[in-house]
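An overview of the molecular structure
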Amino acid sequence: MRLLRVALDALTVRGRSFAAAGLTAVACAILLGEEDLLRAGLLVLVLPVFSVFAVSRTRYRLACARRLGPPRLSVGHEARADVRLENVSRLSSGLLLVEDRVPYTLGGRARFVLDRIEPLGSRELSYRLRSDVRGRFKIGPLTVRLADPFGLVELARSFSLTDTLTVTPLTVALPPGRIPGAWHGEGQSLARTVAAAGEDDVTPREYRRGDDLRRVHWRSTARYGELMVRREEQQWQSRAVLLLDTRRAGHTGEGPGSSFEQAVSVAASVGVHLAREGLPLRFATDSGRGADLPAGSGPAAGGELLDVLAVIGQSDGTALLPGLAAVRGSGRDGEALIIGVFGRLTAEEARALAAARRGTAIGIAILLDSDRGPDGAAGFLRGAGWRVLTVSSVAELPAAWTGVQGEPGAH
C-alpha cells in the first residue's frame, strides 16, 4: 500500500492521464473483446509504471552547497545566492528540476532545469534576493526533482542545508563628529578627582598577593592593622543609551512608510553612527529589554544593533516606565548620553521622560508623529533641557542631526 501511494504521488499530471487512459482502454477491451485495444491499453498503462520504477531506482548521489553574498544586507539592496550542485556518483544524472525554497518577500522560489550532470561533474546556479522589508529569512532547503524523459514521473529529494539572510533596517549616514558635552575618554575623570581630593580621601582595599608594594597606603595600614593598598585607577568610558519606543499605540501607519518603521531606521542610523564614533552603546525598548553593544570601527560597526533591529516588532504595551527605568540605571554618576526615538508622546509621558535624565547626562529626543508646538511634548522636553529633533522620516535625520552637534536648543 505504501509503495502504491508513493508511486501515485510521483506521477505528474501527464503520468496520471496516461495511467487513466490505459486503465480505460483495458476495461473497454475486456468488455468489447478487442485484443488490439487491450495491447494498446496495457502499453499505455505500463509506461508510467515503468517510469516510476526506473526513477525510483536511480543510484546517483548529489551534493549541494550554497553561499549568500552578503549574508546581511539593508532594505532595498540585493544579495546573490550561489548554489553548487555536484554529482558525486559514477553515473550520469537524468533530467533534474532544481528548486531552492525562498520566502515570498525575497522574490519567491528559484527554479532551474538541468538536462544532465556527468559523473563527478557539477553545475553552478545563481539567483538574486531582494527585500523591501526587514527581517531574518531562511533560505532553503534545496529540492531536486528527478524526472523521466517523458515527463510522467517526478520524485523529490530534499537537502537539509539552509542559510539565513538578515535584512537590516534602512540607515542614513549622519554628519561625522561627536556631540559637544558628551564626555569621551578613559580613566582621566577619576584621576583628576583623586588628585583634587588628596591621598587621604583615596578608598583603599586589602593587600592581595601580587600587588605592587609601591601602592601600599601606610596611613590606612596603621588604622586597620593590616596591609592596605590604593585602589587602581578605574578605567572607564562614557557610553550612550539608545531607547526605542515600540508601542503600537505610539505609532501610526502600516508597512515601510509607517512611523514605527521610520523610528526603527532612525534608531539604526543613530546607533551605527555612535558605534563608529567609538562609543559603547546600551540599547533598550519601552518594555525594558535591552542589550549592551560594543563600539566598533569601519563598515561593520553597529552590526549587532542592526541584527537586533532587523527582527524587532511592535509591542502591545502602553507605558514607557520599564524603558525609562533602564535609562535611569545607565551611565556612571549620571554621565551618559541618552538618545530616545519616540512616536507620539503625551504630556505625562514627556514629563516622565524629562525626569529620566539625571546629573550631567545629555538627553536627545527624536520625535516622529508628535506635536511640534511649544505646548506639546517637544516644547516640554526642550524646556526641561533636552535637545529635541522632530522628523517625519529617516531621510530628514541627517539635516536635523547637524543641529545636535551645535549648541543645545530648539531644532
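This text follows the structure it describes.
A brief look at the structure comes next. (Residues numbered from 1 in each chain as written. Predicted model: local features only at pLDDT ≥ 70, side-chain atom pairs only at ≥ 80, totals over all residues. Heavy atoms only, no water.)

Let us look at the pattern of salt bridges. Taken as a whole and assessed by the stated rule, the structure comprises 16 salt bridges. With its nearest N and O atoms 2.2 Å apart, the salt bridge here joins Arg-39 to Asp-36. In this pair, Arg-39 and Asp-36 are both assigned in helix α3 (residues 35-56), three residues apart and thus about one turn of the helix distant. Relative accessible area serves as the criterion here: at 52%, Asp-36 is assigned to the exposed category. Connected through salt bridges with shared partners, the residues Glu-35, Asp-36 and Arg-39 form a single ionic network. (Salt bridge = Lys/Arg side-chain N within 4 Å of Asp/Glu carboxyl O. Helix = DSSP H or I, 4+ residues; strand = E, 2+ residues; numbered from the N terminus. Buried < 20%, exposed > 50% of the residue type's maximum accessible area, 1.4 Å probe, protein only.)

This part covers the packing of helix α2 (residues 13-32) against α3. Axis separation between α2 and α3 bottoms out at 7 Å; the angle between their running directions is 155°. With respect to each other, α2 and α3 are oriented roughly antiparallel. The element α2 and its partner α3 pack so that their crossing is left-handed. Seen from α2, the contacting residues are Gly-15, Phe-18, Ala-19, Ala-21, Gly-22, Leu-23, Ala-25, Val-26, Cys-28 and Ala-29; seen from α3, they are Leu-37, Leu-38, Gly-41, Leu-42, Val-44, Leu-45, Leu-47 and Pro-48. (Axes fitted to C-alpha atoms, helices over the stretch in contact; angles between N-to-C directions. Parallel < 35°, antiparallel > 145°, perpendicular 65-115°, else oblique. Left-handed = near helix turned anticlockwise from the far one by under 90°. Contact = heavy atoms within 4.5 Å.)

Burial along strand β18 (residues 387-390) is two-sided: the face carrying Arg-387 and Leu-389 and the face carrying Val-388 and Thr-390 are both buried. Where strand β17 (residues 362-367) meets β18, four bridges bridge the pair, whose relative direction is parallel. Bridge pairing links Ile-364 to Arg-387 in β18. (Pairing = 2+ DSSP bridges.)

A few words on the sheet that holds strand β10 (residues 163-168). As a general point, the strands of a sheet are linked pairwise by backbone hydrogen bonds and lie either parallel or antiparallel. Spatially, three strands are ordered β2-β10-β7 in an open sheet, and the strand pairing comes out mixed. Looking at the sheet topology across the chains shown, the edges are occupied by β2 (72-74) and β7 (135-139). Strand-to-strand twist of the sheet, defined as the mean angle between neighbouring strand axes without regard to direction, takes the value 25°. Pairing of β2 with β10, which is carried by three bridges, proceeds in the parallel orientation. Following the sheet pairing, Arg-72 is matched in β10 by Thr-166. Lying on the sheet, helix α7 (residues 303-310) is in contact with β2, β7 and β10; it crosses β10 at an angle near 95°.

Take the packing of helix α6 (residues 259-276) against α7 next. Packing of α6 against α7 leaves a shortest axis separation of 9 Å and a crossing angle of 170°. Regarding the angle of α6 to α7, the classification is roughly antiparallel. Residue-level inspection shows Val-264, Ala-267, Ala-268, Gly-271 and Val-272 of α6 in contact with α7, the latter providing Leu-305, Leu-306 and Leu-309. Considering only residue class, the contact of α6 with α7 consists of seven nonpolar, one polar and no charged. (Nonpolar A, V, L, I, M, F, W, Y, C, P; charged D, E, K, R; others polar.)

That bond from Gly-69 to Pro-70 is cis: its omega, -5°, falls within 30 degrees of zero. Topologically, Pro-70 is positioned in the loop between β1 (62-69) and β2. Geometrically, the link from Gly-140 to Pro-141 is a cis peptide bond, its omega value of 5° lying close to zero. Note that Pro-141 resides in the loop between β7 and β8 (142-147).

Spatial ordering of the open sheet is given by β15-β14-β13-β16-β17-β18, a layout of six strands whose pairing is mixed. The strands lining the two open edges of the sheet, one partner per strand, are β15 (290-293) and β18. If you compare each strand with its neighbour and ignore which way they point, the axes differ by 15° on average. Across five bridges, strand β13 (residues 240-244) lies against strand β16 (residues 337-342) in parallel orientation. By the bridge assignment, Ala-240 is partnered in β16 with Leu-337.

Within this structure, the stated rule accounts for one aromatic pair. Between Phe-112 and Tyr-127 the ring centres are 6.3 Å apart and the planes differ by 45°, which places this aromatic pair in the tilted class. Of the two residues, Phe-112 is situated in strand β5 (residues 110-114) and Tyr-127 in strand β6 (residues 122-130); the sequence distance between them amounts to 15 residues. Take Tyr-127: its relative accessible area is 10%, and that puts it in the buried class. (Phe/Tyr/Trp six-rings, centres within 6.5 Å; stacked < 30°, edge-to-face > 60°.)

Further remarks concern the environment of Gly-107. Structurally, Gly-107 can be placed in the loop between β4 (95-100) and β5. Its relative accessible area of 62% is what places Gly-107 among the exposed residues.

Tracing the sequence through the fold places Asn-87 in strand β3 (residues 78-87). Of the residues examined, Asn-87 reaches a relative accessible area of 0% and is grouped as buried. Engagement of the side chain of Asn-87 in a polar contact is seen with the backbone oxygen of Leu-91, the distance being 2.7 Å. Leaving out residues up to four positions away in the same chain, Asn-87 has contacts with Tyr-60, Arg-61, Leu-62, Ser-92, Ser-93, Ile-117, Glu-118, Pro-119, Leu-120 and Gly-121. (Polar contact = N/O pair within 3.5 Å; in protein donor to acceptor, adjacent residues only side chain to side chain.)

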